[in-house]
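What follows is the residue order along each chain.
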Amino acid sequence: MQKRFRSIVVLTGAGISAESGLGTFRDKDGLWTKYDLQEVATPEGFARNPVLVHDFYNARRKNLVEAAPNAAHYALAELERRFDGQFLLVTQNVDDLHERAGSARLLHMHGELLKIRCENCDSVRDWRGDLDLATACPDCGASGGLRPHVVWFGEMPLYMDDIAAALETCDLFVSIGTSGQVYPAAGFVAEVRRGGLAHTVELNLDPSDGFSLFAEKIYGPATDVVPAFVARVLAAG
Ligand code: APR
C-alpha cells in the first residue's frame, strides 16, 4: 500500500469484540440465535415486557464490565493517535472497548450499553449496574421510564449527519467485523463508492453481505488482520 491517505473512516461491528468474549449477533451461537430480537431489541418489545428487556441488557452489561479490549481495538486507537490526517471511528457496537483501548474520535451510532436514557425527561446518564422498573431517574426522579441508551430496531441511529459528512470526504473506508446485514451502516460502502474518491477495505472473519463492493478484502480474526492492516497504513506515512 503505497498511497498516503488524507482522511480515514473506520466502521466496526460485533466481530471486533468477539475475541474479547462479547458474542456477535448472527454467527453460530450469536445473540439472535438465543433471543428473539423483536422481544428484546424493539420499542414494542420493551412496551410489552420491560422486565425481559431489562434482564437482557443487565446480563450484557455484566459481561461487558468483565471484558477487556483486544489487539484490534488497540491497533485502531494507535492508528488514530499516529495518523496525521482526518480520522473517524464509527461503531455499531454498544460496548466501551474502543474507549478503553484509547479511541477518542469515536461515534456510537447504535448507542451505548453503559448509558441509560429517561423516557420521561430525556436525560442520558452513565450507568454500570442493573436497571429495572423501580429504578428512579437520577434527574427527574420518575421510575419506570428508564431504558438502555441503545438504538433498537425501527429507531433512528445516532450521529448520522456527522457520519455522512465524514464518508463524503474520506479517501480510505475500512469496515471491520460486521456482517453488512443492518442498514444504514451496511450502505456506507456504497455511499463511499458513489463519491468515487475512497479506497474501500473489508476486514472480517468471513465475507460480509456487501463483500463484492469492497476494492480490497482481508479475511481472518480481527486480532490478526487489524494490527497488520494498521501497520501498513502507518508505514505508508
Ligand atoms: N474477527 C473478525 N470478524 C469476526 C470475528 C472475529 N474474531 N468473529 C465474527 N466476525 C464477523 C462475522 O463473520 C460477521 O460477519 O463479525 C460479523 C458479525 O456480524 P453480526 O453478528 O451481524 O454483527 P453486526 O454486523 O455488528 O450487527 C449489526 O445488528 O443486531 C444489530 O444493533 C446490532 O449493531 C448490531 C447490528
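We now turn to the structure provided with this report. In this text the structure is predicted, and so the values were computed from the model without any measurement.

Thoughts on the site of the ligand
Point 1. In the vicinity of the ligand, 23 residues are found, and the nearest of them are F25, R26, W32, T178 and S179.
Point 2. Here E19 contributes a side-chain N or O atom positioned 2.9 Å from a nitrogen atom of the ligand.
Point 3. Contact distances for the ligand include 2.6 Å between an oxygen atom and a side-chain N or O atom of T178.
Point 4. For the ligand, whose unbound accessible area comes to 730 Å², protein coverage reaches 93%.
Point 5. Classifying every residue of the shell around the ligand by side-chain character gives nine nonpolar, 10 polar and four charged.

Description of the side chain of T135
Point 1. Note that T135 resides in the loop between β5 (124-126) and β6 (146-150).
Point 2. Take T135: its relative accessible area is 14%, and that puts it in the buried class.
Point 3. Other than its neighbours up to four places away in sequence, T135 contacts W127, A142, S143, G144 and L146.

Points about the packing of aromatic side chains
Any pair of aromatic rings gets described here by the distance separating the centres and the angle formed by the planes.
Point 1. Inspection of every chain in the model, using the stated rule, returns eight aromatic pairs.
Point 2. Judged by centre distance (6.0 Å) and plane angle (25 degrees), the rings of W32 and F56 are stacked. Placement of W32 in helix α1 (residues 31-34) and of F56 in helix α4 (residues 50-66) is noted, with a sequence separation of 24 residues between them. In terms of burial, W32 and F56 fall into one category: buried.
Point 3. Taking the centre distance of 6.2 Å and the plane angle of 45 degrees together, the rings of Y57 and W152 count as tilted. Here Y57 is found in helix α4, whereas its partner W152 is found in the loop between β6 and α7 (160-169), with 95 residues between them in sequence.
Point 4. Given the relative accessible area of 3%, Y57 is considered buried.
Point 5. Counting every residue linked through ring pairs, the aromatic cluster contains F25, W32, Y35, F46, F56, Y57, W152 and F153.
Point 6. The ring of W152 carries R147 above its face, with NZ or CZ at 3.7 Å from the centroid.

Observations regarding the sheet that holds β5
Point 1. If you trace the three strands from one edge of the open sheet to the other, you get β5-β4-β6, paired in antiparallel fashion. Each end of this open sheet is capped by a strand with a single partner; those strands are β5 and β6. Neighbouring strand axes in the sheet, compared pairwise and without regard to direction, differ in orientation by 45 degrees on average.
Point 2. In this structure, strand β4 (residues 111-118) lies alongside β5, joined through three bridges in antiparallel fashion. Within β5, the residue paired with I116 across the bridge is R125.
Point 3. α4 rests against β4 and β6 of the sheet, and its axis sits at about 135 degrees to β4.

Rules and cut-offs
- Residues numbered from 1 in each chain as written.
- Predicted model: local features only at pLDDT ≥ 70, side-chain atom pairs only at ≥ 80, totals over all residues.
- Heavy atoms only, no water.
- Near = heavy atom within 4 Å.
- Polar contact = N/O pair within 3.5 Å; in protein donor to acceptor, adjacent residues only side chain to side chain.
- Areas by Shrake-Rupley, 256 points an atom, 1.4 Å probe, with all protein chains shown as cover.
- Nonpolar A, V, L, I, M, F, W, Y, C, P; charged D, E, K, R; others polar.
- Helix = DSSP H or I, 4+ residues; strand = E, 2+ residues; numbered from the N terminus.
- Buried < 20%, exposed > 50% of the residue type's maximum accessible area, 1.4 Å probe, protein only.
- Contact = heavy atoms within 4.5 Å.
- Phe/Tyr/Trp six-rings, centres within 6.5 Å; stacked < 30°, edge-to-face > 60°.
- Lys NZ or Arg CZ within 6 Å of the ring centre and 35° of its normal.
- Pairing = 2+ DSSP bridges.
- Axes fitted to C-alpha atoms, helices over the stretch in contact; angles between N-to-C directions.

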